[in-house]
6 protein chains.
Amino acid sequence: MPYVNIKITREGVTAEKKAELIQGVTKLLQDTLGKNPQTTVVVIDEVDTDNWGIGGETVTVRRKQGL
Amino acid sequence: MPYVNIKITREGVTAEKKAELIQGVTKLLQDTLGKNPQTTVVVIDEVDTDNWGIGGETVTVRRKQGL
Amino acid sequence: MPYVNIKITREGVTAEKKAELIQGVTKLLQDTLGKNPQTTVVVIDEVDTDNWGIGGETVTVRRKQGL
Amino acid sequence: MPYVNIKITREGVTAEKKAELIQGVTKLLQDTLGKNPQTTVVVIDEVDTDNWGIGGETVTVRRKQGL
Amino acid sequence: MPYVNIKITREGVTAEKKAELIQGVTKLLQDTLGKNPQTTVVVIDEVDTDNWGIGGETVTVRRKQGL
Amino acid sequence: MPYVNIKITREGVTAEKKAELIQGVTKLLQDTLGKNPQTTVVVIDEVDTDNWGIGGETVTVRRKQGL
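Criteria and cut-off values
Residues numbered from 1 in each chain as written. Chains lettered and ligands numbered in written order. Predicted model: local features only at pLDDT ≥ 70, side-chain atom pairs only at ≥ 80, totals over all residues. Heavy atoms only, no water. Pairing = 2+ DSSP bridges. Helix = DSSP H or I, 4+ residues; strand = E, 2+ residues; numbered from the N terminus. Contact = heavy atoms within 4.5 Å. Axes fitted to C-alpha atoms, helices over the stretch in contact; angles between N-to-C directions. Buried area = accessible area lost by both parts, 1.4 Å probe. Polar contact = N/O pair within 3.5 Å; in protein donor to acceptor, adjacent residues only side chain to side chain. Salt bridge = Lys/Arg side-chain N within 4 Å of Asp/Glu carboxyl O. Nonpolar A, V, L, I, M, F, W, Y, C, P; charged D, E, K, R; others polar. Least-squares fit on C-alpha atoms with pLDDT ≥ 70 in both.

(A) Examining the sheet that holds strand S2 (residues 41–47) of chain C more closely. Strand order in the open sheet made by the 8 strands is S4(D)-S3(D)-S2(B)-S1(B)-S1(C)-S2(C)-S3(E)-S4(E), with mixed pairing throughout. The open sheet terminates on both sides in strands that have one partner only, identified here as strand S4 (57–58) of chain D together with strand S4 (57–58) of chain E. Of the pairings in the sheet, the one linking strand S3 (residues 52–54) of chain E to S4 of chain E comprises 2 bridges and is antiparallel in character. Considered in S4 of chain E, the bridge of Ile54 of chain E is made with Glu57 of chain E. Against the sheet, helix H1 (residues 15–33) of chain B touches strand S1 (3–9) and strand S2 (41–47) of chain B, strand S1 (3–9) of chain C together with strand S3 (52–54) and S4 of chain D, its axis set at about 135 degrees to S2 of chain B. The sheet contacts of helix H1 (residues 15–33) of chain C involve S1 of chain B, S1 and S2 of chain C together with S3 and S4 of chain E, and relative to S2 of chain C the element is tilted by about 135 degrees.

This is the structure we're talking about:
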């Protein structure tokens, strides 16, 4: 019954990679905590790099700096 | 003063249906808990079916299986 | 399959009221959007009045002012 | 190490204003709580006015009423 | 730089299990999407069974039914 | 009308500091984006150090290492 929300920057992750991530986190919750995979919900939010900040700067700015 | 976040898959819900949902949940909080509707905030997030997983699979895959 | 998160201030809501709220919001999503109630998840967060602000003030302060 | 999520309506905020907001909230957490700005994460969600409700109405409807 | 929020019911998960979950999800994001583990943030919320609903019922009620 | 959620580790922040943070972030949204402070909502979540991970480790472990 767990609910997992994963936020990542929107930088071209494929549907296949997202499916792999959903499968992996569902299995991890089963293996670690014994949670039923049938009722595990995973929601991935992809966030524009202008809207994500770390260290007081947007990721857009950091990418231009090669970070 | 409640804050409600509703996450649903992005599958063509109309603006009218979303308005109805916002009205309904605001009224429910008033009727059930006596909350002031004027300060009740409701935010609906529509999530791509590639980004929503249940049972370890994306909703995109489940829709193809008729689920 | 919807996921609903309801945040309210922690001010003595009973388990019965919370159960009523969960039932109500699940039914509302079924009636409004045709969502399957069996997979609708509702999570209620109760937040201390010191940790909730509106209008730049905490709810603790507002309660003392009779708001 | 704080994580801040800011939800606003999607009404044309520029990248510059978002960068300013990220910088400001990061500095505020440093000044108020002594948090390390290098590990402060800020995520801004811009929400369609059809998907944001207050007072039981969508912001789309309120904007038409001049609110 | 990903941010992951995991919500589970509060039913006695140990600190060791939570550490294992944090390690696992951080590694998964590195292996699947190439994310830098040093800046991956994971927050676990443990929610009272009275405050978690599925199928229109609280988990408290479901646990009494052996679900 | 913005909604701000701030997550910090639960490490003894006083009610006064939380009130200052709420006031500051409300003012910042007014100054930066012209948002009405009367309808700005701020919710602070304090998270146990066992439940917060960064770099694949819990904050509890990192605090013991002097990080």
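On we go from here.
(B) Summary view of the interface of chain C and chain E. Taken together, the contacts link 16 residues of chain C with 11 residues of chain E. Surface buried jointly by chain C and chain E totals about 1100 Å² across both partners, of which 53% is contributed by carbon and sulfur atoms. Taken together, chain C and chain E are joined by 6 residue pairs in polar contact (both at pLDDT 80 or more). Of all the secondary-structure elements, those providing two or more residues to the side of chain C that touches chain E are H1 and S2 of chain C.

(C) Seen up close, the pattern of salt bridges. Residues and elements named next belong to chain B. Going through the model one piece at a time under the given rule, you end up with 42 salt bridges over all chains. Across the salt bridge formed by Glu11 and Arg63, the nearest N and O atoms sit 2.7 Å from each other. A residue pair is termed long-range when its members are at least 10 positions apart, and Glu11 in the loop between S1 and H1 and Arg63 in helix H2 (residues 59–64) qualify at 52 residues.

(D) Examining the interface of chain E and chain A more closely. Counting residues at the interface gives 26 residues for chain E and 26 residues for chain A. Interface area for chain E against chain A, summed over the two sides, is near 2200 Å², with a carbon-plus-sulfur share of 74%. For the chain E face of the interface with chain A, the top three residues by lost area are Met1, Thr32 and Leu33 of chain E, together amounting to 26%. Inspection of the region where chain E meets chain A yields 5 residue pairs in polar contact (both at pLDDT 80 or more). Of all elements in the fold, only strand S1 (3–9), helix H1 (15–33), S3 and helix H2 (59–64) of chain E reach the threshold of two or more residues within the side of chain E that touches chain A. Here the element with the most residues in the side of chain E that touches chain A is H1 of chain E; it accounts for 9 residues. Among the residues forming the side of chain E that touches chain A, the class breakdown is 15 nonpolar, 5 polar and 6 charged.

(E) Region of the structure containing the relation of the copies chain E and chain A. Between the two copies, chain E and chain A, the superposition gives an RMSD of 0.0 Å; the rotation angle is 180 degrees and the shift along the axis is 0.0 Å. What we have between these two chains is a two-fold relation. If distances are taken from each C-alpha of chain E to the rotation axis, the shortest is found for Asn5 of chain E, at 2.6 Å. With an isologous cut-off of 70% or more, the 100% of interface residues of chain E that recur at the interface of chain A puts this contact in the isologous class.

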